[in-house]
Each structure stands twice: as C-alpha cells, then as structure tokens.
Amino acid sequence: MQLRTAVMFVLALGVGGVANAAGEIVIKFSHVVAPDTPKGQAAERFKQLAEKYTKGKVKVEVYPNSQLYKDREEIEALQSGAVQMLAPSLSKFGPMGAREFELFDLPYLFPDQETLHRVMDGEVGKKLFAKLDSKGVTGLTFWDNGFKQMSSNRPMHNVADFSGLKMRIQSSKVLGAEMKALGANPQVMAFSEVYTALQQGVVDGTENPVSNFYTQKMNEVQKHMTISNHGYLGYAVIVNKKFWEGLPADVRSALTAAMKEATAFERETAQKDNDDALAKVIAAKTTTVYQLTAAERAEWQKALLPVHKEFESVIGADLIQSAYATAAQVAREQAAPKAGKKK
Ligand code: LMR
C-alpha cells in the first residue's frame, strides 16, 4: 500500500485503530486460554476468515495464554485501544460495571446449551450488549465453552465436603456467593495464576470446563474432579467501539461475516473439546473423576438455588425470569412429539 493511503487509513481509524507499516489494519486479539481450547481455536478461525474476506486489508494477531494481558488488564487494554478484540468470560464483566452479565454465573440456571443459545442470541443478549456501549465497548457475539466441573484435592460428593475449601473463582460476585453457599472460601484470581496457586496450595480447588482444566495441566495438581455441571462458562466477543465504528463499512461487514462463521465453528467444537478433554483427564489417571448421583445433585441444588434470589436486584428480575421462561419453553419442545413423526 502507498504511504499516503496508509496514512489515510490511520486517520480514518481514529482512536483505538492501528495500521502497520504495510498499511494493513491490525486487530490485536488477546485471550487468556491455550490455543487448543474452544476459544483459542475460534480466535484462529476468525483470523483466517477475516484476512481472507477483507482480501488482506486486515491482519489479525492472536495472543493466547495471557501473553499480552491477564484477566482484568485485558479489559482495560481494550478500553484504552491497546488491543482491539477480546473474548472474556461472561464472569469478568462485573468489574467493568456490567454486573448483569453475571446472569450466566447463576448456578443451575441453564439446563442445556439450547436454552443458553436462545437466551444469548435473543433479547437478553441484546440488552447485555447495550450495557457495554457507555463503556466504549461493542459486543459482537457470544461464544460457548461449556458447563463447569469442580476440582480440588478432596473428594466432593456432598455439600459438607466443601467446608473450608479455598476455591479460586473468576471476578464475579455471583461465583463468590455460590462458593459461600457451599461452605467454601472463594478467592478471586487471574486465570494465568491458577496452576501455580493450586500447585503451591494457595488455593485448594477451582471450577472450570474440562477443556480449560486439561489444557492448563490442572490435572497434575488436582486429585479430584466432580462432574457437577453446576454452572456455565461462556464468552462475549467484544471490540473497542471507536475502532469498530471507525472501520470502513466494507471492512466491517467482511469482519461481521467472518465472526458469524467463526461463531458457528466455535459452538460446534466447544462440547466436543470438553468431551475429549475429559477422556484425556481420565486417561492421565492423576485425577479421580466422580459423577454426582441424582440425590447428591439435589442436595447441591438446594444449597445453590437461593443464590438466584440473592442476586435478583443486581442482575435484574426480568433477565432471570426470561432465562426461566426460555428453559421451560425448551423443555416443552423437547417433551413434545416431533411434528410429522409416525405413530
Ligand atoms: C477462567 O478464568 O477460569 C476462564 O474465564 C478462562 C477462560 O477464558 O476460559
């Protein structure tokens, strides 16, 4: 690209925009997990598609594993324009002043992926993204990881087993209340520090989808895992608003198309990645994997469900009610005989 055109690009991009010496628009996409996780793979898929669909006008640089920034810092970096794109977990929007995102942390709220997707992709998702506007951030889409499992060095079958355990959580007040409801002591900590903290006994345990657990080698430092599916971990892909709005319209629409495809890929791969990771954890034999019985699950639910009411005023009763209604609707559809099915 000619120097003059490159200069025009930089001017057109405004605050938060970066063009390199070759005049390409650079999108720095920072994240905290390993490249072979659902988020890591989808970020790479987005890079390939974005560069192809913009015919090389855009270059996406993906920085995995907290290489550039840790949890909290990455959000500040996005707001200041030091990076252009992130996909933080939905549990990390509270410190930014968007506590409503903690809806997704409420324990045992979402029975299945279908309910989650309808909530994210519908009115609730729109309302949540609207909250980001005043913070200089634009929400593009939601990505999955999956349901979380508990781990520690102690078997966790009954609620009483959590008594006194120091459990690492993400920066969400709902997750703090969840751990307290089980009798554990929650400790907020950046994802990049969890392995060492577990190894050194700074914390006793944590909760994560199995793909995160395995790719961070947490199975080396956690003797027990309980398949509890007690909560969900997903992501919002977000961009610096000024950068996004400053893009030429054709570039923005090519990136939107790339993101749509990357999202479909991400959602298809997430569950499979968690299933594969669980098989690897079992094969590694360093962690005993326990499946909750129905009675134990009922006991966990009894302890955890009051957290919904506790956070009604923070998250909004309307958002919580909407999630309940969607779950009930999905359950009705699943129970109804398939249309056209012969008797
Ligand atoms: C965590 O901090 O446990 C997760 O949010 C990491 C991630 O991005 O999946």
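Residues numbered from 1 in each chain as written. Predicted model: local features only at pLDDT ≥ 70, side-chain atom pairs only at ≥ 80, totals over all residues. Heavy atoms only, no water.

**Student:** Any chance you could explain the packing of aromatic side chains here in plain terms?
**Tutor:** Within a pair of aromatic rings, the relevant descriptors are the distance that separates the centres and the angle that separates the planes. On inspection of all chains with the given rule, the structure shows seven aromatic pairs. For the pair Phe-104 and Phe-110, a centre-to-centre distance of 5.5 Å together with 10° between the ring planes defines the contact as stacked. Given the relative accessible area of 5%, Phe-110 is considered buried. Clustering of aromatic rings is evident, with ring pairs tying together Phe-104, Phe-110, Phe-129 and Phe-142. Above the ring of Phe-265, the side-chain terminus of Arg-45 is found at 3.9 Å from the ring centroid. (Phe/Tyr/Trp six-rings, centres within 6.5 Å; stacked < 30°, edge-to-face > 60°. Buried < 20%, exposed > 50% of the residue type's maximum accessible area, 1.4 Å probe, protein only. Lys NZ or Arg CZ within 6 Å of the ring centre and 35° of its normal.)

**Student:** I would appreciate a short explanation of the pairing of strand 4 (residues 137-147) in the present structure.
**Tutor:** Walk down a regular strand and you will see the side chains alternate between the two sheet faces. Among the 11 residues of strand 4, 10 are classified as buried, and the element is accordingly described as predominantly covered. Bridge count between strand 4 and strand 10 (residues 232-240): nine bridges; the pairing is antiparallel. Residue pairing in the sheet places Val-137 in a bridge with Asn-240 of strand 10. (Helix = DSSP H or I, 4+ residues; strand = E, 2+ residues; numbered from the N terminus. Pairing = 2+ DSSP bridges.)

**Student:** I keep staring at the side chain of Gln-149 and nothing clicks. Help me out?
**Tutor:** By the element assignment, Gln-149 lies in strand 5 (residues 149-152). On the basis of relative accessible area, Gln-149 is assigned to the buried category, the value being 6%. From its side chain, Gln-149 meets the backbone oxygen of Phe-147 in a polar contact 3.4 Å long. (Polar contact = N/O pair within 3.5 Å; in protein donor to acceptor, adjacent residues only side chain to side chain.)

**Student:** Looking at this model, I keep getting lost on the sheet that holds strand 8 (residues 205-208). Mind explaining?
**Tutor:** Within a sheet, each strand pairs with its neighbour through backbone hydrogen bonds, oriented either parallel or antiparallel. The six strands lie next to each other as 7-6-8-5-9-11, forming an open sheet whose pairing is mixed. Every interior strand has two partners, whereas the edge strands, strand 7 (185-188) and strand 11 (288-291), have only one. Neighbour-to-neighbour, the strand axes of the sheet open up by a mean angle of 25°, direction not taken into account. Each of strand 5, strand 6 (166-169), strand 7 and strand 8 touches helix 6 (residues 173-182); the most contacted strand, strand 6, lies at about 160° to it. (Axes fitted to C-alpha atoms, helices over the stretch in contact; angles between N-to-C directions. Contact = heavy atoms within 4.5 Å.)

**Student:** I tried to follow the site of the ligand on my own but got confused; where do I start?
**Tutor:** As a structural note, the neighbourhood of the ligand is formed by Val-32, Val-33, Lys-39, Ser-89, Lys-92, Arg-168, Gln-170, Phe-191, Asn-208, Asn-212, Leu-233 and Tyr-235. One of the side-chain nitrogen or oxygen atoms of Arg-168 is found 2.8 Å away from an oxygen atom of the ligand. Separating an oxygen atom of the ligand from a side-chain N or O atom of Gln-170 is a distance of 2.7 Å. Burial of the ligand by the protein amounts to 100% of the accessible area it has alone, namely 270 Å². Split into classes, the residues belonging to the shell around the ligand amount to five nonpolar, four polar and three charged. (Near = heavy atom within 4 Å. Areas by Shrake-Rupley, 256 points an atom, 1.4 Å probe, with all protein chains shown as cover. Nonpolar A, V, L, I, M, F, W, Y, C, P; charged D, E, K, R; others polar.)

**Student:** When you look at the sheet that holds strand 10 in this model, what are you seeing that I'm missing?
**Tutor:** The strand order across the open sheet built from five strands is 2-1-3-10-4, with neighbouring strands paired in mixed fashion. The sheet is open, and its two edges are formed by strand 2 (58-63) and strand 4, each paired on a single side. Sheet analysis places strand 3 (residues 85-86) next to strand 10, joined by two bridges and oriented antiparallel. Within strand 10, the residue paired with Met-85 across the bridge is Val-239. Along the sheet face, helix 4 (residues 113-121) touches strand 4 and strand 10 and points at about 175° away from the line of strand 4. Sheet strands touched by helix 5 (residues 123-132): strand 4 and strand 10. Its angle to strand 4, the strand with the most contacts, is close to 130°.

**Student:** What exactly am I supposed to notice about the nonpolar core here?
**Tutor:** For soluble globular proteins, the rule of thumb is that nonpolar side chains tend to be buried together. Phe-101, Leu-103, Phe-104, Leu-106, Phe-110, Leu-132 and Ile-238 are the most contacted members of the largest nonpolar core, which totals 36 residues. Of all the secondary structure elements, the ones that give two or more residues to this core are helix 3 (71-80), helix 4, helix 5, strand 4, helix 6, strand 10 and helix 14 (317-335). In terms of residue count, helix 5 provides more of this core than any other element does, four residues in total. The residues contacting Phe-104, other than those within four sequence positions of it, are Leu-90, Phe-110, Leu-116, Val-119, Met-120, Leu-128 and Tyr-232. Val-62, Met-85, Ala-87 and Val-237 belong to the second largest nonpolar core, which has 27 residues in total. (Core = buried A, V, L, I, M, F, W, Y, C linked by side-chain atoms within 4.5 Å.)

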